[in-house]
Amino acid sequence: MSGNVRPDSMKRINTKELAQAFIDEQIAEIRAQVGSGKVLLALSGGVDSSVCAALLSKAIGKQLTCVHVNHGLLRKGEPEQVCEVFGKQFDVNLIYVDAVDRFLDKLAGVSDPETKRKIIGKEFIDVFAEEAAKLDGISFLGQGTIYPDILESADGIKAHHNVGGLPKELQFELVEPVKLLFKDEVRCVGAALGLPDNMVYRQPFPGPGLGVRCTGAITRDRLETLREADAIVRGEIDAAGLGDKIWQYFCIVPDLRSTGIKDGKRTDDRMVVIRAVNSIDATSATVPELPYELLFKIRDRIFKEVPGVNRVLYDISTKPLATIEWE
Ligand code: XMP
């Protein structure tokens, strides 16, 4: 796709037919741009990079290599799903990098939220650049930049990681097949490409992942508590049929303990905070009324299935004054 401005004549992609026409057009454009060259793509498993990977794979097959970095801060089952969908279904060249120890070692003892974010961001680029250096003959870098990223960067609202944030030593030409699409259009294209629903319609997930929900200095056991509790919260909200009515729903395990009682003995255990918010563009957020029956079911499952937790809370804070994430 050439140019960074969406033409007025471009139709909103909101049907299977329009998505298919876009896919066909992009396949031709990608082939024309890349020729017999090789493309590298950082595949997080998020909607944008997944749709980008699927499109590139349809266009150029094995000329595409995807790198999936597991930084240890992904949700339960995510790395496995990326390997299943892209390694098997789409049969792309997929390099899975287990960087869990590397990230968690760097983060050990670091409690300042911005420092945590910086470490995660820098480490990610380092790991990716190391993988790129091992490969021969790559001349293109695929990126799942979408139109709001371009608009926000142009407005100076935030320097989006997909726009101008590449390490300079990676001298690649960019291939950005979805850069003129809005999020709903990216999802529509993803569905037409045959990506699974839970990948295409998944809720926003921050780049630093569970790292901003395991507040303060991250420890492996608290991270595991968070991952297990998060899977229960998401699973129960989905099972209640509320998944497509709530913008984001997850939980936090703060760096706090409180007193409880188990088998007649005092405990000093963790707490899980349930967070569910509705929003249009994440600049403000409201709190949906989750049924008590559902909240109690989540509490009961967490108490039963997640060791080391003696308290479950529901965060009813709106944005402002709170932010959506706790860090
Ligand atoms: P806050 O917490 O600022 O979040 O109300 C607004 C939205 O942005 C997501 N978020 C992030 N996304 N990198 C990201 O890619 C980040 O560091 C980050 N922090 C927050 C958050 O999940 C919410 O959707």
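Just so we're clear, the structure is a prediction, and the values are computed from it rather than from any experiment. (Residues numbered from 1 in each chain as written. Predicted model: local features only at pLDDT ≥ 70, side-chain atom pairs only at ≥ 80, totals over all residues. Heavy atoms only, no water.)

(A) Representation of the overall build of the chain. Check the secondary structure of the chain and you find 10 helices and 9 strands. Taking 327 residues into account, the globule formula puts the C-alpha radius of gyration at 20 Å, and the chain, at 21 Å, falls close to it. Dimensions of the chain, computed from C-alpha atoms along their principal axes, come out at roughly 70 × 40 × 40 Å. For the chain, with 327 residues in total, the buried portion stands at 49%. Considering only residue pairs separated by 6 or more positions, the chain has 75% of its internal contacts joining residues 24 or more positions apart. Taken as a whole, the chain presents about 15900 Å² of accessible surface, with 53% of it coming from carbon and sulfur. (Helix = DSSP H or I, 4+ residues; strand = E, 2+ residues; numbered from the N terminus. Rg over C-alpha atoms; globule rule 2.2 N^0.38 Å. Buried < 20%, exposed > 50% of the residue type's maximum accessible area, 1.4 Å probe, protein only. Contact = heavy atoms within 4.5 Å. Areas by Shrake-Rupley, 256 points an atom, 1.4 Å probe, with all protein chains shown as cover.)

(B) Structural detail: the nonpolar core. Counting residues in each nonpolar core, the largest one holds 44 residues, and the members touching the most others are Leu-40, Leu-223, Ile-237, Leu-290 and Ile-302. By residue number, the principal contributor to this core is helix α9 (residues 220–239), which donates 6 residues. Built from parts of two domains, this core gets at least three residues from each of domain 1 (16–200) and domain 2 (213–315). In contact with Leu-40, not counting residues within four places along its chain, are Thr-65, Val-67, Phe-128, Ala-132, Leu-135, Ile-138, Phe-140, Leu-141, Gly-142 and Phe-172. (Core = buried A, V, L, I, M, F, W, Y, C linked by side-chain atoms within 4.5 Å. Domains from an automatic or database assignment.)

(C) Region of interest: the site of the ligand. In the vicinity of the ligand, the contacting residues are Arg-117, Pro-204, Pro-206, Gly-207, Pro-208, Gln-248, Ala-282, Lys-319, Thr-323, Ile-324 and Glu-325. A distance of 3.2 Å separates an oxygen atom of the ligand from a polar backbone atom of Gly-207. Gln-248 has a polar side-chain atom sitting 2.8 Å from an oxygen atom of the ligand. Here the ligand, which alone exposes 490 Å², has 71% of that area covered by the protein. (Near = heavy atom within 4 Å. Polar contact = N/O pair within 3.5 Å; in protein donor to acceptor, adjacent residues only side chain to side chain.)

(D) Examining the state of the cysteines more closely. Tallied over the full model, the rule gives 0 disulfides. No disulfide involves Cys-83; its nearest neighbouring cysteine sulfur is the one of Cys-66, lying 11 Å away. Under the relative-accessibility criterion, Cys-83 is labelled partly exposed at 27%. Cysteine Cys-251 is unpaired, with the sulfur of Cys-214 as its nearest cysteine sulfur at 10 Å. Judged by relative accessible area, Cys-251 falls into the buried class, the value being 0%. (Disulfide = S-S within 2.5 Å.)

(E) Spatial organisation of empty space enclosed by the protein. Following the criterion strictly, the structure yields 1 cavity of 30 Å³ or more and no others. Looking at the largest cavity, the residues that line it are Ser-44, Gly-45, Glu-78, Gln-81, Val-82, Met-199 and Arg-202. Ranked by residue count, the leading element in the lining of the largest cavity is helix α3 (residues 78–89), at 3 residues. Within the lining of the largest cavity, the residues separate by chemical class into 2 nonpolar, 3 polar and 2 charged. (1 Å grid on protein atoms, 1.4 Å probe; cavity = no way out; pocket = protein on both sides within 12 Å on 5 of 7 lines; lining within 4 Å. Points joined across faces, edges and corners; volume = space filled by probe spheres on them. Nonpolar A, V, L, I, M, F, W, Y, C, P; charged D, E, K, R; others polar.)

(F) Broad picture of the sheet that holds strand β2 (residues 64–70). Across the sheet, 5 strands lie side by side as β3-β2-β1-β4-β5; this open sheet has parallel pairing. One side of each edge strand has no neighbouring strand; the edge strands of this open sheet are β3 (93–98) and β5 (173–175). When strand polarity is set aside, the average angle formed by the axes of neighbouring strands in this sheet is 30°. Both β2 and β3 contribute to a ladder of 6 bridges, which runs parallel. Each bridged residue has a counterpart across the sheet, and for His-68 the counterpart in β3 is Tyr-96. The strands that α3 touches are β2 and β3; relative to β3, the one it contacts most, it runs at about 165°. (Pairing = 2+ DSSP bridges. Axes fitted to C-alpha atoms, helices over the stretch in contact; angles between N-to-C directions.)

(G) The domain arrangement of the chain, seen in detail. Domain boundaries in the chain define domain 1 (16–200) and domain 2 (213–315). Relative placement of domain 1 and domain 2: their C-alpha centres are 29 Å apart. Opposite the 13 residues of domain 1 that make contact, domain 2 presents 12 residues. Summing both sides of the interface, domain 1 and domain 2 together bury roughly 1100 Å²; the carbon and sulfur share of this comes to 52%. Counting across the domain 1 and domain 2 interface gives 3 salt bridges. Close ionic contact of Arg-220 with Asp-105 constitutes a salt bridge, the shortest N to O distance being 3.1 Å. At 4 residues, helix α4 (residues 100–107) tops the list of elements feeding residues into the side of domain 1 that touches domain 2. Counted by class, the side of domain 1 that touches domain 2 contains 5 nonpolar, 3 polar and 5 charged residues. (Buried area = accessible area lost by both parts, 1.4 Å probe. Salt bridge = Lys/Arg side-chain N within 4 Å of Asp/Glu carboxyl O.)

(H) Fine view of helix α10 (residues 292–305). With 14 residues, α10 ought to run about 20 Å at 1.5 Å a step, and its terminal C-alpha atoms sit 20 Å apart, in line with that. If you check which residues of α10 are buried, you get Leu-294, Leu-295, Ile-298 and Ile-302. Viewed along the axis of α10, the buried residues span an arc of 100°, placing them on a single side of the element. Residues of α10 that are exposed and point over 90 degrees away from its buried face: Tyr-292, Glu-293 and Lys-304. (Expected span 1.5 Å × (residues − 1). Arc of directions from axis to C-beta.)

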